[in-house]
Amino acid sequence: MRVVDSHLHLWDPWELDYEWLEGALHGRFAEGEIFEEQLPGVSEEVSIFVQAETVERRFLDEVAWVDQIADAAGVVAIVAGARLDRGAATTAHLESLAAHERVVGVRHLLQGERTGLAASPDFVAGAREVAERGWTFDACVRPHQLSDVVALAAAVPELFLVLDHLGKPAIGTAESPLRPSAEWLRDLHALGRQPRAHVKLSGLPAETGGDWTDAQVIPFLDAALEAFGAERLLWGSDWPVSSVDTAYRPGSRARWFHTVADWATSRGIASDALFWSTPLAFYGIR
């Protein structure tokens, strides 16, 4: 079995600057640490690095650092940090990113931004520039922002866009699970009607604080399948974020992989498409 982890983070607070790391997340998670978390029973494994929200002035430094450790970490492509609402500054930043061959897309982290930003004229203009370069956009939002992503996908239909972590729906904990909300389902299906929109089966363990069961997450995986179809699903580990609550939990990455793999088998989804060919095609990796 071949696997592309479409959502891997790496960071080192002694190399770069981060304002959000705290507790067990405030440590080095890089090539040595991910080597210890390789998936068992997998014949080939590579990863897509997704920006880890170093401070904005170090976005380019983050790409350069990942480039240095990419081979050792199994990283074949980079989704770089970028602000898409800065006009000429956005254009200049994208031009600088283009000097790095591993960059295939960008992420402007939206989950902490004001509602409506992704649908604003300046942001749409930046997204059009991303599409013109043949790059992708990772949308990481909270559920109340999901309609903004729908509007962005409609405004820039040529953009290949992927929804990170299923839009971070509220799923509760193992002891107090929640069902998919009507609002989340409505917006997820609206995004699924945009032909170039994809979704990552990632991040749900982090939304529970690390306390989850297979039965709890399956309704959300089923909703993604119904909204997007099997051909637009990607698997991502969200490592190490989804492997840390009050402490780092070794083996959590493999557990999430097996949960999604078993679910996919039960739904008749071809594993080589979900875990290999779809993410490679989406990010334009040969």
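Cut-off values and rules
- Residues numbered from 1 in each chain as written.
- Predicted model: local features only at pLDDT ≥ 70, side-chain atom pairs only at ≥ 80, totals over all residues.
- Heavy atoms only, no water.
- Pairing = 2+ DSSP bridges.
- Helix = DSSP H or I, 4+ residues; strand = E, 2+ residues; numbered from the N terminus.
- Axes fitted to C-alpha atoms, helices over the stretch in contact; angles between N-to-C directions.
- Contact = heavy atoms within 4.5 Å.
- Core = buried A, V, L, I, M, F, W, Y, C linked by side-chain atoms within 4.5 Å.
- Buried < 20%, exposed > 50% of the residue type's maximum accessible area, 1.4 Å probe, protein only.
- Salt bridge = Lys/Arg side-chain N within 4 Å of Asp/Glu carboxyl O.

Caption draft 1: Here's a closer look at the sheet that holds strand β5 (residues 136-139). Spatially, 8 strands are ordered β1-β2-β3-β4-β5-β6-β7-β8 in an open sheet, and the strand pairing comes out parallel. Looking at the sheet topology across the chains shown, the edges are occupied by β1 (2-8) and β8 (233-235). The mean inter-strand angle of the sheet, taken between neighbouring strand axes irrespective of direction, is 25°. Pairing analysis gives 3 bridges linking strand β7 (residues 197-201) to β8, with the strands arranged parallel. Bridging across to β8, Leu201 finds its partner in Trp235. Helix-sheet contacts for helix α8 (residues 214-228) involve β7 and β8, and the interaxial angle to β7 is about 165°.

Caption draft 2: Region of interest: the nonpolar core. Leu10, Phe137, Leu191 and Leu233 are the most contacted members of the largest nonpolar core, which has 84 residues in total. In terms of residue count, the dominant contributor to this core is α8 (8 residues). What Leu191 contacts, discounting residues up to four positions off in sequence, is Leu146, Val149, Val150, Ala153, Leu161, Leu163, Ala197 and Phe228. By size, the runner-up hydrophobic cluster in this structure holds 14 residues, among which are Val4, Ile48, Ala77 and Tyr283.

Caption draft 3: Highlighting the pattern of salt bridges. In total, this model carries 23 salt bridges according to the counting rule given. With a shortest N-O distance of 2.9 Å, Arg253 and Asp5 are connected by a salt bridge. Taken as a pair, Arg253 in helix α9 (residues 252-266) and Asp5 in strand β1 lie far apart in primary sequence, 248 residues in all. Like Arg253, the residue Asp5 is buried in the burial classification. One salt bridge connects Arg186 with Asp187, and the closest N-O pair in it is separated by 3.1 Å. Looking at Arg186, the relative accessible area reads 52%, which means it is exposed. Judged by its relative accessible area of 10%, Asp187 falls in the buried class. The network of salt bridges with common partners includes Glu56, Arg83, Asp85, Arg86 and Glu113.

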